[in-house]
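# Structural description and commentary
What follows is the residue order along each chain.
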Amino acid sequence: GDTIHFAGADAREWYKAKFKLPERTDPRQLEGTITECPTPEMVGKISAGLFKLEGDQLTLAGCRPGSGEVPKGFEPGQGARVFVLKKVAEAGKGQ
């Protein structure tokens with residue numbers, strides 16, 4: 001698919017977006033357009049990011065929607081946030 005739903009640790013921070021993966025970028029980039037969130041002025045804004053997939057781990061780095069900036073790498077700071085997501089086995093599977 002081409003949609004993502006992100007929910008932060010704070011239940012008031014969540015985003016739904018449609019995304020594109022530009023071809024032939026290194027590191028891999030993504031471009032997400034916010035379609036829903038609790039902050040109406042963010043809807044329609046674009047957030048640029050980087051991603052890498054290593055085994056069962058997805059690392060995302062993204063800049064504030066609408067800033068027009070692309071993260072410089074996978075280290076937090078300089079306007080970028082970094083998220084590391086790990087795939088977990090579903091209950092009752094793979095045991």
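Let me begin by describing the structure that accompanies this report. (Residues numbered from 1 in each chain as written. Predicted model: local features only at pLDDT ≥ 70, side-chain atom pairs only at ≥ 80, totals over all residues. Heavy atoms only, no water.)

### What to know about the overall build of the protein chain
Where we set the bar: Helical segments are the DSSP runs of H or I of at least four residues, strand segments are the runs of E of at least two, and each set is numbered from the N terminus. Each residue gets one of three labels from its accessible area relative to the maximum for its type: buried under 20%, exposed over 50%, partly exposed in between, using a 1.4 Å probe on protein chains only. What makes two residues a contact is simply this: any of their non-hydrogen atoms within 4.5 Å. Each accessible area value is a Shrake-Rupley result obtained with a 1.4 Å probe; residue values ignore everything except the protein chains displayed when judging cover. As used throughout, the charge tally considers Lys and Arg to be positive and Asp and Glu to be negative, leaving His and the chain termini uncounted. Where a charge lies is defined by one atom per residue type: Lys uses NZ, Arg uses CZ, Asp uses CG and Glu uses CD.
A count of helices and strands for the protein chain gives zero helices and six strands. Each helix and strand of the protein chain, ordered N terminal to C terminal, gives the series β-β-β-β-β-β. Across its three principal directions, the C-alpha atoms of the protein chain cover 45 × 30 × 25 Å. A total of 95 residues make up the protein chain; the buried ones form 23% of that total. Nonlocal contacts in the protein chain, meaning residues at least 24 apart in sequence, comprise 14% of its contacts between residues at least 6 apart. A total accessible area of about 7,000 Å² is found for the protein chain, and carbon and sulfur atoms account for 52% of it. Separation between the mean location of the 14 positive side-chain charges and that of the 13 negative ones in the protein chain comes to 1 Å.

### Section: the pairing of strand 2 (residues 14-20)
Filter applied, for reference: Only strands that DSSP links by at least two bridges are regarded as paired with each other.
Where strand 1 (residues 3-7) lies against strand 2, five bridges are found, and the strand directions are antiparallel. Note on strand 2: the bridge partner recorded for A7 is W14.

### Some remarks on the pattern of salt bridges
Put simply, the test is: A pair is scored as a salt bridge if a Lys or Arg side-chain nitrogen falls within 4 Å of a carboxyl oxygen belonging to Asp or Glu.
Evaluated as defined, the whole model comprises five salt bridges. Across the salt bridge formed by D2 and K18, the nearest N and O atoms sit 3.2 Å from each other. Taken together, the positions of D2 in the segment before strand 1 and K18 in strand 2 put the pair 16 residues apart, joining distant regions of the chain. According to the relative accessible area criterion, K18 is partly exposed, its value standing at 43%. Across the salt bridge formed by E13 and R81, the nearest N and O atoms sit 2.6 Å from each other. With E13 in the loop between strand 1 and strand 2 and R81 in strand 6 (residues 80-86), the pair connects residues that are 68 residues apart, well separated along the chain. For R81, a relative accessible area of 43% corresponds to the partly exposed category.

### A look at the sheet that holds strand 4 (residues 46-54)
Selection rule: In this analysis, axes come from line fits to C-alpha atoms, helices being fitted only over the stretch in contact, and the angle between any two N-to-C directions falls in the range 0 to 180 degrees.
Here we have six strands laid out as an open sheet, ordered 1-2-3-4-5-6, and antiparallel in their pairing. In this open sheet, the two edge strands, each paired with only one partner strand, are strand 1 and strand 6. When the angles between neighbouring strand axes are averaged without regard to direction, this sheet yields 35°. Pairing analysis gives seven bridges linking strand 5 (residues 57-63) to strand 6, with the strands arranged antiparallel.

### Considering unusual backbone geometry
Glycine aside, the phi torsion of most residues is negative, and most peptide linkages are trans. At the junction of D26 and P27, the peptide bond is cis and its omega measures out at 0° in the coordinates. Summarising the element assignment, P27 is placed in the loop between strand 2 and strand 3 (29-36). We note that R24 has phi near 55°; this positive angle belongs to a residue other than glycine. Along the chain, R24 turns up in the loop between strand 2 and strand 3. Here R24 falls in the exposed class, since its relative accessible area comes to 78%.

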